[in-house]
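Coordinate analysis (summary)
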Amino acid sequence: MNSLKFFLDNGKYLAKIEASKQLDILRNLIKQFQVENNLRKFYWRTEGVAGYFESIRIFEEDKEALKDYLMQVGVLPVVVDVKWRNIVESDQKLLQNRILPQCPILRFTPNNNMQDSIDRIIEYNEKAKKLNLSEQLTEWKAAKNKFALLQFEWETIRKQLQHKLIPGEKIKLDQGTISSLIQDPFISGESLHKLLGSNAVEKYGTVNHSKLMIFMSRGMVKKSELNIYRRIVDIRLRYVLKVIKKRTLSTDMSS
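Now for a quick tour of the structure. All values derive from a computational prediction rather than experimental measurement. (Residues numbered from 1 in each chain as written. Predicted model: local features only at pLDDT ≥ 70, side-chain atom pairs only at ≥ 80, totals over all residues. Heavy atoms only, no water.)

1. Focus: the nonpolar core
- Membership of the largest hydrophobic core comes to 23 residues, with the highest contact counts inside it found for Leu70, Leu76 and Val221.
- Taken together, the elements giving at least two residues each to this core come down to helix H3 (63–73), helix H4 (76–79), strand E3 (80–82), helix H9 (198–204) and helix H10 (209–217).
- Counting residues per element, this core draws most heavily on H3, which supplies four residues.
- Each residue touching Val221, except ones within four places of it in the same chain, is listed here: Tyr69, Leu70, Val73, Val75, Leu212, Phe215, Met216 and Leu226.
- Counting 17 residues, the second largest nonpolar core, distinct from the first, contains Val49, Ala128, Leu133 and Leu241. (Core = buried A, V, L, I, M, F, W, Y, C linked by side-chain atoms within 4.5 Å. Buried < 20%, exposed > 50% of the residue type's maximum accessible area, 1.4 Å probe, protein only. Helix = DSSP H or I, 4+ residues; strand = E, 2+ residues; numbered from the N terminus. Contact = heavy atoms within 4.5 Å.)

2. As for helix H7 (residues 133–162)
- Here H7 is 30 residues long and its end C-alpha atoms lie 42 Å apart, about the 44 Å a rise of 1.5 Å per residue gives.
- Those residues of H7 lying buried are Leu133, Gln136, Leu137, Trp140, Ala143, Leu150, Trp154, Ile157 and Leu161.
- At the N-terminal end of H7, a side-chain oxygen is found 3.2 Å from the backbone nitrogen of Ser134, two or three residues along, and the residue is Asn132. (Expected span 1.5 Å × (residues − 1). Polar contact = N/O pair within 3.5 Å; in protein donor to acceptor, adjacent residues only side chain to side chain.)

3. Some points on H3
- Along H3, the residues that are buried comprise Leu66, Lys67, Tyr69, Leu70 and Met71.
- At the C-terminal side of H3, Gly74 shows a positive phi close to 100 degrees.

4. What to know about the pattern of salt bridges
- For the coordinates displayed, the defined rule picks out ten salt bridges.
- Here Lys211 makes a salt bridge to Asp81, at a shortest N to O gap of 2.8 Å. With Lys211 in helix H10 and Asp81 in strand E3, this pair connects stretches of sequence that are 130 residues apart.
- On the basis of relative accessibility, which here comes to 29%, the residue Lys211 falls in the partly exposed class. (Salt bridge = Lys/Arg side-chain N within 4 Å of Asp/Glu carboxyl O.)

5. Side note on the packing of aromatic side chains
- If you walk through the whole model with that rule in mind, you get eight aromatic pairs.
- Members of the aromatic cluster, connected to one another through ring pairs, are Phe7, Tyr13, Phe108 and Trp154.
- Positioned above the aromatic ring of Phe215 is the side chain of Arg218, whose terminal nitrogen or guanidinium carbon lies 5.4 Å from the ring centre.
- Its guanidinium or amino end placed over the ring of Phe59, Arg230 lies 4.0 Å from that ring's centre, counting from NZ or CZ. (Phe/Tyr/Trp six-rings, centres within 6.5 Å; stacked < 30°, edge-to-face > 60°. Lys NZ or Arg CZ within 6 Å of the ring centre and 35° of its normal.)

In structure tokens:
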């Protein structure tokens, strides 16, 4: 608990929040520059930063038909995620011996008195608008590094406290409240299938496409067959801003 109090008392939590807001402000300004200049993809060699828009395809799936197909192939139980709270109580009782308890999640809720921080963000927004593009990129990299360090320290503290607080416990501090939130237990699709059968897997399971990709790479599931059960309904643009190493930058520029 001392590490948490030290992090809060020294203003590191607020600094983390402000760094996150600064990143959003700078990212939007740099994105605006590319939009106004019709630059879909651009590299800033001096700053070592790349900004680009990528197309994201939005699919509509026939979820029930897809799950039926994956069950026929024999992979559905191992490619689904199952939410415990979606399982009816009578079925939950049958699964009690196969569930895995999960560590509680620690959540910090700051006090409402954050006006000073809000004022600093407003001031930073006005300051950032007056910077030239090179300065905005440099500021973005600095804010990104600062946020990453503070976020890592914050997550380390949270993990250290996970096993020290009683699930459901709340502790009030000067800066806010730390709560230990109880998580739903984990149940695998395989256990669900073994105890309740294929109908339960199709009823309670949600296809995880990251898991499905593993079986596609092995040739057990074909992309052409998956496409039967989904269609593209929209294509959206996502803006990406990232730091690029010089060697990577040179390779990309030559392609």
